[in-house]
Amino acid sequence: MAYICPFHKTDCMQLSSLLSRFSEPETLRMAKLGRELRAKGLDIVDLSLGEPDFDTPDHIKEAAKKAIDDNWSHYTPVAGFLDLREAICHKFERDNDLHYKPENIVVSTGAKQSLANVILGIVDQGHEVIIPTPFWVTYAALVQLAGGKVKLIKTELEKGYKITVEQLESAITPKTRMFIFSSPCNPSGAVYTKEELASLAEVFMRNPHVVIISDEIYEYINYSGEHHSIASHEEIKDRTVIINGLSKGFAMTGWRLGFMAAPVEIAKACDKLQGQFTSGTNAITQRAAITALTSPLDATQEMVKEFANRRKRVLELMREIEGFRFPEPDGAFYAFPCVDHYFGKKDGGDVISNADDLSMYLLNKGHVSTVTGSAFGDDHCIRLSFANSTQNIEKGFQRISEALQKLK
Ligand code: PLP
């Protein structure tokens with residue numbers, strides 16, 4: 001029998017108005033389209049992947065197996081096991097020279113949940129949240145979910161897709177509640193230097209009403225040398241929240257563990273929210289995370305070495321493609337070329353007006369899946385992931401090149 005809505009007395013399924021505030025991530029939509037074509041028997045080269053194509057290191061898997069045998073099978077504290085939060089504090093000391101206490105740490109089911117907690121915990125109706133573009137799409141969706149107003153600041157290719165002090169300064173108003181950015185950045189690969197972060201920190205020192213969310217999930221995947229956190233500026237540390245997790249640096253996307261380091265009041269708010277949404281994250285993952293965060297980073301470094309080789313090859317291949325313009329990515333595992341050279345061109349019935357069209361054309365005609373830049377707030381670019389073998393990357397670029405040559 002059809003569902004009868006008690007309010008409208010019809011068989012319509014009335015869903016909450018909350019759902020209309022944000023959309024499904026474009027990254028997931030492209031992955032779905034690629035899967036559908038593959039299911040039809042087509043050989044699709046996947047350059048849309050947002051996760052390392054490596055296995056989780058053995059010593060972490062062993063720790064998880066032991067946790068199962070040792071019966072870590074009960075509910076966990078909402079903010080995470082104390083010894084895990086201590087291990088996270090140890091990680092911040094070791095890698096970032098940052099000093100936190102366990103009460104500053106909240107462990108969640110992925111960095112995505114950490115972001116959801118902190119945005120829902122701080123942003124209210126009408127608050128403005130500044131996000132430099134291109135940005136990871138979930139930031140804007142979560143701000144909209146919280147009833148906040150997203151204020152996108154367009155960064156330029158020539159500036160390496162990094163926000164300038166002048167841009168930041170003029171974007172801040174009395175209504176600004178939050179600033180969210182990632183370094184290394186998904187999708188551009190931009191990495192802010194120590195000096196650039198110091199200049200941004202100075203702006204925040206003049207604006208004590210702004211909370212800074214620094215997403216550092218790609219911390220270890222850095223080709224420029226050192227990772228710096230804006231939280232190392234003591235003057236703003238008491239309103240900076242670092243987001244990090246195991247997904248990218250330890251090839252553990254499916255294990256679902258993220259964490260934040262935050263001022264105690266914010267950590268408590270996030271604990272309260274999470275207590276009603278999901279409670280503490282998976283016990284086995286938490287035990288394995290202690291091993292991940294306290295062991296030497298050899299496996300991570302091996303993975304990054306391989307990403308660095310692929311990045312070099314991707315840059316060579318991109319330079320061979322007519323009209324691609326791009327800064328070299330200093331971190332993460334993505335290239336983000338501007339493809340507007342192809343706008344206005346066509347191949348038979350396929351007309352390219354923007355990055356969405358080009359990404360769809362490459363999928364349908366070239367059999368290569370990419371992600372349109374509009375998923376990240378920039379409809380002039382596409383994101384090409386090098387979380388795939390060099391062989392597949394070369395095959396994918398060969399196809400991209402052939403497909404683009406057909407556009408006149
Ligand atoms: N932040 C950025 C910039 C990301 O790219 C991602 C995943 O793609 C996340 C956060 C979420 O990571 P997690 O798998 O820990 O939820």
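What counts and what doesn't
- Residues numbered from 1 in each chain as written.
- Predicted model: local features only at pLDDT ≥ 70, side-chain atom pairs only at ≥ 80, totals over all residues.
- Heavy atoms only, no water.
- Domains from an automatic or database assignment.
- Contact = heavy atoms within 4.5 Å.
- Buried area = accessible area lost by both parts, 1.4 Å probe.
- Helix = DSSP H or I, 4+ residues; strand = E, 2+ residues; numbered from the N terminus.
- Core = buried A, V, L, I, M, F, W, Y, C linked by side-chain atoms within 4.5 Å.
- Buried < 20%, exposed > 50% of the residue type's maximum accessible area, 1.4 Å probe, protein only.
- Pairing = 2+ DSSP bridges.

Visitor: Explain the domain arrangement of the protein here, please?
Guide: Where interface size is given, it is often the accessible area lost as the parts come together that is meant. Here the protein is partitioned into domain 1 (21–50 + 299–405) and domain 2 (73–294). Centre-to-centre, using C-alpha coordinates, domain 1 lies 27 Å away from domain 2. Each side of the interface is counted separately: domain 1 has 28 residues, and domain 2 has 32 residues. For the domain 1 and domain 2 pair, buried surface summed over both sides reaches about 2,500 Å², with 62% attributable to carbon and sulfur atoms.

Visitor: Explain the side chain of S359 here, please?
Guide: For S359, the location among the structural elements is in helix α12 (residues 355–364). S359 has contacts with M30, T370, V371, T372 and I382, leaving out every residue within four places of it along the chain.

Visitor: Honestly, the nonpolar core in this entry has me stumped. Any pointers?
Guide: Looking at soluble globular proteins, one finds that nonpolar side chains tend to be buried together. The biggest cluster of nonpolar side chains holds 68 residues, and the ones touching the most others in it are V118 and F324. The element contributing the most residues to this core is helix α11 (residues 298–319), with 7 residues. Domain assignment of the residues forming this core places at least three in each of domain 1 (21–50 + 299–405) and domain 2 (73–294). For V118, the contacting residues outside a window of four places in its chain are M178, I213, V241, I243, M260, I266 and C270. Counting 30 residues, the second-largest nonpolar core is a separate cluster that includes F81, L84, I88 and I105.

Visitor: Just to check I follow, could you spell out the sheet that holds strand β14 (residues 382–385) for this structure?
Guide: Strands belonging to one sheet form pairs held by backbone hydrogen bonds; the direction of such a pair is parallel or antiparallel. With respect to topology, 3 strands assemble into an open sheet ordered β9-β14-β13, the strand pairing being antiparallel. The sheet is open, and its two edges are formed by β9 (334–335) and β13 (371–372), each paired on a single side. Taken together, the 2 bridges between β9 and β14 define a ladder with antiparallel strand orientation. Note that in β14 the partner of Y334 across the bridge is S385.

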